Amino acid sequence: MLLSRILNMRLITHNMLTSHVKGVTNGYPLIIEATEVEEKEVDFNPEFISRMMSRIEWPALVKAMEWIGKKDCLPEEPIENCEKDNDFLQKAHHALMEIEVITGSLKCPESGRKFPISNGIPNMLLNEDEV
Amino acid sequence: MEKMFKKNQKAKKKLCNNGLPISEVPSKFVVIANGGLGNGISVHQLTAIFEKHWVVERTNTSIHCSYACVAFDSVESAVSAVTNLQGTVIKKRCEQNKTAVLYLFYLGKMVDLNKTEISTNTTLPPGLILCEEFLSQEEESLLLTNIDSDFTSPPPTSIFEKLKHRTVLHYGYRFRYGSNDVDKNEPLSDHGFPNYIDGLLTKLLGLPHLKNKPDQLTINKYAPGDGIASHVDNPEAFGEVITTISLGSTVVMEMKFGDKVTDFVVNPRSAIFFTGDARYKWTHCIKQKKTDIIAGTNDCRVTLQRGTRVSLTFRNTLAVQNHEIKLTNQLPDVKLPDNTTEADSMEKQYVHSVYNDIAEHFSQTRDKPWPRVVEFLSNLDKHSTVLDVGCGSGRYLKVCKNITMFGCDYSKSLTNICHTKNSHVFICDGLNIPTRTSCFDACICIAVLHHLSTEQRRISALQELLRVTMPGGKILVYVWAEEQNFRNKRSNYLKNADTQNHEIVESSVKKDHSSGLSLPIHKNRTNFKQQDMLVPWKLKKQTTEKPNDNFSNPPTFYRYYHVFKQLELERLCFQCPHCRIVESYHDNGNWAVILQKDS
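Only a predicted model underlies this, so the values are computations on that prediction, with no experimental measurement involved. (Residues numbered from 1 in each chain as written. Chains lettered and ligands numbered in written order. Predicted model: local features only at pLDDT ≥ 70, side-chain atom pairs only at ≥ 80, totals over all residues. Heavy atoms only, no water.)

Draft legend 1. Representation of the overall build of chain B. In terms of helices and strands, chain B carries 13 helices and 33 strands. Across the 599 residues in chain B, those meeting the buried criterion constitute 56%. When the accessible area of chain B is evaluated, it comes to approximately 26800 Å², of which 49% is carbon and sulfur surface. (Helix = DSSP H or I, 4+ residues; strand = E, 2+ residues; numbered from the N terminus. Buried < 20%, exposed > 50% of the residue type's maximum accessible area, 1.4 Å probe, protein only. Areas by Shrake-Rupley, 256 points an atom, 1.4 Å probe, with all protein chains shown as cover.)

This is the structure:
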């Protein structure tokens, strides 16, 4: 069974996460400070990526790639009719699905609060004085 | 034959050069050349050979020594061993197909390698307080004399019992094996403990660990080879501190919690106080063995021969017992949290911390997806992104191929389990979901809201679900229903009462805790008598442990629940903006709603 694969934080998850520390007005996107990153090949599903295009924040994904150290892998802005452009979707697929952060942290851009990633899992729990 | 003799002499010479006091005169001390840990022979292997024929008082070897030193009980045993084992070939423990030939010589005196001491740097479980030399040797022998005489002719103030693997005497109250409690209505005498215990008791109460004078005492007598199964003393029958005094012989105690195991030496004359986690979470046991093998300093292994050990276990029986509740037939007082701090602290203690502790067992027993949840997920559009809030061990994260599921949970241990199942997960509080607004096509929140201890928090959790869902997106919420019998149909929870005995806890008493909150304890697999309560979770008995007496008692954890009355969930939804109830239903002891966020 494919089920027993270990899945660490992908950039698709990072694209959804935000900081809700008390007092923070814009906690998005979280700055990735990765100490351990892994690339894994994942089956490309153009239909899924195409649908995801309307659900993800593209600038945050571009930033994320930059923080991972893969700056020029994505165009700054999605190209026109990108939902149908296979080359473009391949690149988005690679960024969203094939890069996994195993250890590091996600830093709130406003408060600087760091949320640790360990064992591939981001811990977004806040302390009592942060809610 | 000649070759063997040569080798024998060579080995002898080598030992002499190492400074070992080799003696030609037989003594009870023997050195075994090539039988040491440094040569790949473990103490277990040697012990296995010795135990069949002779009594060994002590064995001593080290990783740095190719030999082992052994103290037999008598010169006769030593002579017999030297004669019979000379030249014995045994397999090495680590290296396959390699053997060692043993040569044995007498020693003028016992050699303790590297001044071996029993390693004292074992980390004891949190809450375990071990006081060495709590009693003097005089106090010990006086106690032993008195106890021996009580075992020979038990006084009328006591109860004598012979268990399969030890003999016991109860004072104060009779300890009931089976229910692991006492009958508060049946004290054994007005005087409590025998007079010879007075001095010991005064000494114990002089330490800060015991707040109240114990009123129940069990004296256990363990012959070599006796033991006690892994257990936690019944938290509902006895107080916060359990005290054990050891007399007579050294023994190794094993304590376990989850995958953590700690062995430590319990010396005679020592006192052990089980408090906190060591009292409530860790099990303790004494293996049925005649010899304990323990790690010493400098990588040495030491064997300890057990003699007869006598232990005195002092307990404080709890005032409220289940039969009293039954007699009054009244519900205990309920005091629920009425502010955020109280709610936070209760949920931390009775929800978050518990799920971390029971994660493994929970994951094994809660792996079956509920059909109507799967149906909800299957009806979503292809390639929907769905967040499972409170995903537990991830039973819904992989049931539907056409959608992409994300899971979040407060419990680190549970998310760790999801992590190995090819699932997207993060750790967070459902009251504060760390994702963008309108980010998911749909959400599910199964069996989560009933762990929140105020109505305001249950509403907040619903609002968070609505916030992260896209306009027009659907949300499925399940909560536990107070009505376990609905339209003449019993839920599986009630139906499984007979088959899942390990989850049944006998009593239904209230449990006070530090914050001043008070909650009744629910009896597993029965109808709910109230909406707010603690529901016991009993860890599965370890099947590896042979049941040697009726005293195998794994720890019980308590989870807080607020069970929902009919229409209560809908009422909460009405208080949330942008929320439309699409469907609501009762499903096998649960209330469920499907919500849609306004477009």
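Here the narrative resumes.
Draft legend 2. Expanded view of the overall build of chain A. A count of helices and strands for chain A gives 4 helices and 5 strands. Starting at the N terminus and ending at the C terminus, chain A contains elements arranged as β-α-β-α-α-α-β-β-β. Looking at chain A as a whole, 51% of its 131 residues qualify as buried. Long-range contacts, defined as pairs at least 24 residues apart, comprise 69% of the intrachain contacts of chain A with a sequence gap of at least 6. As presented, chain A carries roughly 6600 Å² of accessible surface, and 46% of it is formed by carbon and sulfur atoms. (Contact = heavy atoms within 4.5 Å.)

Draft legend 3. Focus on the sheet that holds strand β8 (residues 128-131) of chain B. All names here are of chain B. Spatial strand order, β8-β16-β13-β20-β11-β10-β9: 7 strands in an open sheet with antiparallel pairing. Either end of the sheet is taken by a strand with one partner, and the two such strands are β8 and β9 (158-163). Strand-to-strand twist of the sheet, defined as the mean angle between neighbouring strand axes without regard to direction, takes the value 15°. Sheet analysis places strand β13 (residues 242-247) next to strand β16 (residues 271-274), joined by 4 bridges and oriented antiparallel. By the bridge assignment, I242 is partnered in β16 with F274. Seen against the sheet, helix α5 (residues 198-206) touches β13, β16 and β20 (309-315) and runs at an angle of roughly 60° to β20. (Pairing = 2+ DSSP bridges. Axes fitted to C-alpha atoms, helices over the stretch in contact; angles between N-to-C directions.)

Draft legend 4. Summary view of the nonpolar core. The biggest cluster of nonpolar side chains holds 70 residues, and the ones touching the most others in it are W58 and L106 of chain A together with L387, L449, L462 and V477 of chain B. Once residues within four sequence positions are removed from consideration, L106 of chain A is found in contact with M9, H14, L17, L30, I31, I32, R113, K114, F115, I117, P122 and M124 of chain A. Grouped together as the second largest cluster of nonpolar side chains are 50 residues, M253, Y350, A359 and L534 of chain B included. (Core = buried A, V, L, I, M, F, W, Y, C linked by side-chain atoms within 4.5 Å.)

Draft legend 5. Geometry of the interface of chain B and chain A. Listed as interface residues are 34 residues of chain B and, on the opposing side, 34 residues of chain A. Taken over both partners, the interface formed by chain B and chain A buries close to 2900 Å², and the fraction arising from carbon and sulfur atoms is 58%. Together, H383, H419 and R436 of chain B form the three largest contributors to the area buried by chain B at its contact with chain A, with a combined 25%. Here chain B and chain A share 5 salt bridges between them. (Buried area = accessible area lost by both parts, 1.4 Å probe. Salt bridge = Lys/Arg side-chain N within 4 Å of Asp/Glu carboxyl O.)

Draft legend 6. A look at the packing of aromatic side chains. Residue and element names in this part refer to chain B. Under the definition given, this model contains 19 aromatic pairs over all chains. Residues F175 and F238 carry aromatic rings whose centres are separated by 5.8 Å and whose planes lie at 10° to one another, so their mutual orientation is stacked. Linking F175 in the loop between β10 (166-171) and α5 with F238 in the loop between β12 (228-231) and β13, this pair joins segments that are 63 residues apart in sequence. For F175, a relative accessible area of 1% translates into the label buried. Ring geometry for Y493 and F528: centres 6.1 Å apart, planes at 15°, overall stacked. Of this pair, Y493 sits in helix α12 (residues 492-495) while F528 is found in the loop between β29 (518-520) and β30 (532-538), placing the two residues 35 residues apart along the sequence. Take Y493: its relative accessible area is 13%, and that puts it in the buried class. (Phe/Tyr/Trp six-rings, centres within 6.5 Å; stacked < 30°, edge-to-face > 60°.)

Draft legend 7. Here's a closer look at the confidence of the model for chain B. Residues and elements named next belong to chain B. Across chain B, the average pLDDT comes to 85, with 88% of residues at or above 70. Counted against residues more than four places away or in other chains, residues 500-511, with its pLDDT under 50, gives 45 contacts. Confidence drops under pLDDT 50 across residues 543-550; counting only partners more than four residues distant or on other chains, this segment forms 12 contacts. (pLDDT = per-residue confidence, 0-100.)

Draft legend 8. Main features of the pairing of strand β4 (residues 114-118) of chain A. Residues and elements named next belong to chain A. Side chains F115 and I117 of β4 all project onto a buried face; the interleaved residues K114, P116 and S118 project onto a face where none is buried. With 4 bridges joining them, strand β3 (residues 99-107) and β4 adopt antiparallel strand pairing. In the strand pairing of β4, S105 is matched with P116. In textbook terms, the turn of a hairpin is the stretch between consecutive antiparallel strands, and for β3 and β4 this stretch comprises 6 residues, one of which, G112, has a positive phi near 80°. In this antiparallel pair of consecutive strands, β4 and strand β5 (residues 121-122), the connection spans 2 residues, and N119 shows a positive phi of 55°.

Draft legend 9. Summary view of the side chain of E570 of chain B. Residues and elements named next belong to chain B. Secondary-structure assignment places E570 in helix α13 (residues 568-574). Buried within the structure, E570 lacks any salt-bridge partner; its nearest side chain of opposite charge belongs to R571, at an N-O separation of 7.6 Å. Not counting the four nearest positions on each side in its chain, E570 is found in contact with I581, S584 and V593. (Lys, Arg positive; Asp, Glu negative; His and termini not counted.)

Draft legend 10. The packing of helix α3 (residues 58-68) of chain A against helix α4 (residues 86-97) of chain A, seen in detail. Residue and element names in this part refer to chain A. One way to put it is that α3 packs onto α4 with a least axis distance of 10 Å and a crossing angle of 65°. The element α3 and its partner α4 pack so that their crossing is left-handed. Here W58, L61 and M65 of α3 lie close against α4, whose contacting residues are F88, A92, H94, A95 and L96. (Left-handed = near helix turned anticlockwise from the far one by under 90°.)

Draft legend 11. Quick peek at a positive patch on the surface. Residues and elements named next belong to chain B. On the surface, K3, K7, K10 and K14 cluster together to form a positively charged patch. As for its position among the elements, K7 is in helix α1 (residues 2-17). The exposure class assigned to K7 is partly exposed, which follows from its relative accessible area of 46%. (Patch = residues over 30% accessible without salt bridge, like charges linked within 9 Å, V, L, I, M, F, W, Y side chains within 5 Å. Charge placed at Lys NZ, Arg CZ, Asp CG, Glu CD.)

Draft legend 12. Up close: a negative patch on the surface. Among the surface-exposed residues, E66, D72, E76 and E77 of chain A lie close enough to one another that they form a single negatively charged patch. Its place among the elements puts E76 of chain A in the loop between α3 and α4.

Draft legend 13. How the structure looks around the packing of helix α8 (residues 340-365) of chain B against helix α10 (residues 412-419) of chain B. All names here are of chain B. Two elements in contact, α8 and α10, have axes whose closest approach is 7 Å; the angle formed by their N-to-C orientations is 35°. Packed against α8, whose contacting residues are Y355, N356, A359, E360, F362 and S363, the element α10 presents K412, S413, L414 and I417 at the interface. Split by residue class, the contact of α8 with α10 holds 5 nonpolar, 3 polar and 2 charged. (Nonpolar A, V, L, I, M, F, W, Y, C, P; charged D, E, K, R; others polar.)

Draft legend 14. Looking closely at helix α9 (residues 371-378) of chain B. Residue and element names in this part refer to chain B. Along α9, the positions that sit buried rather than exposed are V373, F376 and L377. Summarising the axial view, the buried residues of α9 lie within an arc of 95°, below the 170-degree limit, and thus occupy one face. On its buried face, α9 sits against β21 (385-389), β22 (404-409), β24 (440-446), β25 (469-480) and β33 (590-597). (Arc of directions from axis to C-beta.)

Draft legend 15. Broad picture of unusual backbone geometry. Cis geometry marks the peptide bond from Y28 of chain A to P29 of chain A; its omega dihedral reads -10°. Tracing the backbone through its elements, the reader meets P29 of chain A in the loop between α1 (11-14) and β2 (31-39). Despite not being glycine, A447 of chain B has its phi angle at roughly 55°, a positive value. Within the fold, A447 of chain B resides in the loop between β24 and α11 (455-468). Among the residues examined, A447 of chain B registers a relative accessible area of 23% and is labelled partly exposed. If you check the backbone angles, N588 of chain B has positive phi at about 50° while not being a glycine. Along the chain, N588 of chain B turns up in the loop between β32 (579-587) and β33.

Draft legend 16. The arrangement of the pairing of strand β31 (residues 556-562) of chain B in detail. Residues and elements named next belong to chain B. Burial runs high along β31: 7 of the 7 residues are buried. The alternating pattern of β31 places T556, Y558, Y560 and H562 on one face and F557, R559 and Y561 on the opposite face, and all of these are buried. Strand direction decides the pairing type here: β30 and β31, joined by 7 bridges, are antiparallel. Across the sheet, the residue bridging to V535 is R559, located in β31.

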